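Fold and geometry: a report
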Amino acid sequence: MAVAVIAPAALLATAVSADTAPFELNGPDLRVEVTRDGKTLPIARVPSLSPGDKVVIHGDLPQTQSANFAIMSAFLRGATNPPPKDWTAFAETWKKKEKDNTLTLTVPREARQLVLMMVPETGGAEGVLVDAVRGKPGEFVRASQDLNQASLDHSRLETFMAAIRAQDDTGPEYLRTVAPVLARSLSIKLQEDCLSKVIQMQASCLVQNRESLVLNDVHTSSLAETITGTPTDLALQLANTREGGAGYYSAYIAVARDVARIFGAFNNPEFNYLPTLTLRDADRMSLLLNAAPSFKKPKSVMIAAMPAVEADIPPQLRSTAKGPICMAPGTVLPVEGAPLIYSTDFAHDMKLRLTAPSGQTHEVPVTARADKGGYVLDMAAVPASFVGDVRAHLHGIWGFAPFDGPDFLLQRPGPSAWKVAGAADALVIGRDNDVVLEGVAPGCVENVTLRRADGVGRPVKWQAQDGGRLLVTVPLADAAPGELRLEVRQRGGAAGGTGGGAGQTVSLRARVQASRLDGLELHAGDATGVLVGQRLDQVRAVMLGDVEFRPDGLAREGGADRLQLAAQGAGRVPDAGASLKADVRLEDGRVLALPVRIAAARPQASVLSRTIYPAPAEAGTRTLDLGGGDVLPDNAEMVFSLKAQGSTKFGAGDAIEIAGGQDSGQNVAAVARLAMGKGLSLESADVVVATLDAKDLPPATFGPIRFRLSRKAPGGAEERGDWAPLTTVVRLPRIDGVTCNAQTCVITGRSLFLLDRVGTDPNFEKVVPVPPGFTGRTLEVPLPADGTLYLKVRDAPDVAIKLPTRS
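A short tour of the structure in this document, coming up. (Residues numbered from 1 in each chain as written. Predicted model: local features only at pLDDT ≥ 70, side-chain atom pairs only at ≥ 80, totals over all residues. Heavy atoms only, no water.)

1. A word on the side chain of Gln-490
- Here Gln-490 shows up in strand 26 (residues 482-490).
- From its side chain, Gln-490 meets the backbone oxygen of Val-440 in a polar contact 3.1 Å long.
- Of the polar contacts made by the side chain of Gln-490, one reaches the backbone oxygen of Ala-441; its length is 2.8 Å. (Helix = DSSP H or I, 4+ residues; strand = E, 2+ residues; numbered from the N terminus. Polar contact = N/O pair within 3.5 Å; in protein donor to acceptor, adjacent residues only side chain to side chain.)

As structure tokens, this is what we get:
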């Protein structure tokens, strides 16, 4: 005989109602214990059953219970394999004898699931229910599977809501910190906009619409998937449809719809079915209903799912610690991967196995805290001898089976004091200094304070390192020489130790850094050199025999100072291969000796001849007469020849580099390069001829320019000579015309701001200065006596340029 759900529309209406939250009616309680291999556990600690397990179930109804309930159990072995009759059992809770009111079951070898049904006392109910289970076992398989998973999801939601409500004792402001941790731990959707509301409204906002808060949990789903090997996301898919609320309801709410559909094929006026969720607390299993049961025809059959019959599947816990964890009161071991460790008692007897540096081991209990995001360590149980780096392994029992969690590195301060690794006198004023401290438990450092001799303190940056080291950045940019102290404050610490918030002091001394000489780079015949070292700003001069070099520019490259040196007078570096000692004279009067080996001479060349080829004048403009001035107009071309000097010989791989400015250092960037066949022609091994078009120089190149010879050394390195003067690039204004009367002349043109002044005679005794930034196109000047105006441009103020007043 088939059994049907009467009034299924009412069941569905309850599930989809947004005003009434499902599964909020308290049903009856059961007492359940499971025994395996001689060990008995309450149902709250049993994630799954195993063949051969002994399961004892009896009702836990109040003394005032007026309606009698019968309990039926049925083992299932698959959707297409009906269970034998002896896989079902029936108990009448109102009977006094234990054999009548208690179910004592042994899990069969082939069983996959166990379902319980509670029904008001009814004659013939046992046979009807047995026939229903054996007639359509697949419907009960699906119902048991979905209800079991939904109960686990519901436990996460209840844990989240209970924790949120408990924050009223801590303070609403605390919710902004704890709510994200709770949501992450329990895989609950966080209504983040709630945290921006008024403090008094945050808690109620976080738990409203609770049906939509539960997110899918991989581990929870895998418990059900193992039962039949089929997907278990039916309820999830249903909840994402328009009819199912378009995602408004969570998976466990959709179970009501699913179960209603499953049993819709039955039709009998005697019974209807109510799905229930289970809440487990120790050996008590409480049923939650989403609709009120009926004690009149059709009477309600409450369906409850027991744990699946499968192998225990311990969670794959992962550590989320970013580094060593400080052992202190309230220490949390952060883990992720199993929300059920917080919402159920499946994981029990959890402990942390500690291994001290000495090899001593000790077990310490830990407690799962969803609001902390992991397991909280009981510091009172940690022996005082466990200090320094302590290895820790999380383990416990999942149901009946032991399981292992992740490993952690813990640190705890001990009696040893912090000290400086290396020389404590290495601190130099005027810059930041890195100091490495050695001690115990750098992961427990809370802050580091620098305190000067005047007592003024300031926090400094620090970073924990491996090997018990602490890297501290000591800022001394504006410090004076003298004593300093670093105060290191740590948390945690064993009894009698230096932790627990106590500070330790490390004494330091800051000094003015003396120059450190690493080397002197010199090439034979050069008038320049480079001194490499530290604090070379204190160098006043370098004496190499009777040749004096003076500082000519200081730069810092790769953590070292590079001081450019220039020979005074006609001094030059001696011949290559000579081994000499240079005397480095400091500003404070000290003289430091430095061994020097002279390197081979660099390639050198001198200007032999130069010819300027002006560009043709533009139509309608006046030609400017530069005379014999050594200048290169920015639209002209210069042909020049170079003669090799000393042992230098020109070759096919040589090049000429062009640069501007006055810096004589070797690191000056070239703005142009002439190579053989590309502006450079070889006349002989001693002479080359070069062509430089000013238009090929980068824009805004003007003023003195220099050249140097560049070539490839036998080893492939680039050899470059000293920079030498070449010419001066000048920008010339465009003069369209000059108009004169009896007393004055008017110059008309463009870019007149390039002029510095205009004179009426070669000696510039009478001049008209051109103001900086001049933007006019006409300039009035006195009438010259000889019919010629004399111009000086800003790029070459020493060169006189002639401008006839008549074309």
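2. Remarks on helix 4 (residues 137-166)
- In this model helix 4 runs 43 Å from its N-terminal to its C-terminal C-alpha over 30 residues, within 8% of the 44 Å that 1.5 Å per residue would give.
- Counting buried positions along helix 4 gives 22 out of 30 residues, so the element sits mostly inside the fold. (Expected span 1.5 Å × (residues − 1). Buried < 20%, exposed > 50% of the residue type's maximum accessible area, 1.4 Å probe, protein only.)

3. Concerning the pairing of strand 37 (residues 637-644)
- Pairing of strand 35 (residues 605-613) with strand 37 involves 8 bridges; the strand directions are antiparallel. Bridging from a neighbouring strand, Val-607 pairs with Leu-642 of strand 37.
- Direction of pairing for strand 37 relative to strand 41 (residues 687-693): antiparallel, over a ladder of 7 bridges. Counted as the bridge partner of Lys-643 is Val-687 from strand 41. (Pairing = 2+ DSSP bridges.)

4. Some points on the sheet that holds strand 21 (residues 432-438)
- Sheet architecture is open: 4 strands sit in the order 19-21-25-24, paired in antiparallel fashion. Two strands lie at the open edges of the sheet, namely strand 19 (419-420) and strand 24 (462-465), each paired on one side alone.
- Alignment of strand 24 against strand 25 (residues 469-475), held across 4 bridges, turns out to be antiparallel. Bridge pairing in strand 25 places Gln-463 opposite Leu-471.

5. Section: the environment of Tyr-273
- Note that Tyr-273 resides in strand 8 (residues 271-281).
- Overall, the relative accessible area of 2% leaves Tyr-273 in the buried class.
- Taking C-alpha positions, Tyr-273 is 6.0 Å from Met-302, a pair spaced 29 residues apart along the chain.

6. Brief notes about the pairing of strand 46 (residues 744-750)
- Where burial is concerned, the two faces of strand 46 differ: the one with Cys-745, Ile-747 and Gly-749 is buried and the one with Thr-744, Val-746, Thr-748 and Arg-750 is not.
- Across 6 bridges, the pairing between strand 45 (residues 734-740) and strand 46 is antiparallel. The partner of Arg-734 across the bridge, within strand 46, is Arg-750.
- What sits between strand 45 and strand 46 in their antiparallel hairpin is a turn of 3 residues.
- Here 5 bridges tie strand 46 to strand 49 (residues 778-782), and the two strands are oriented antiparallel to one another. Bridge assignment links Thr-748 to a residue of strand 49, and that residue is Thr-778.

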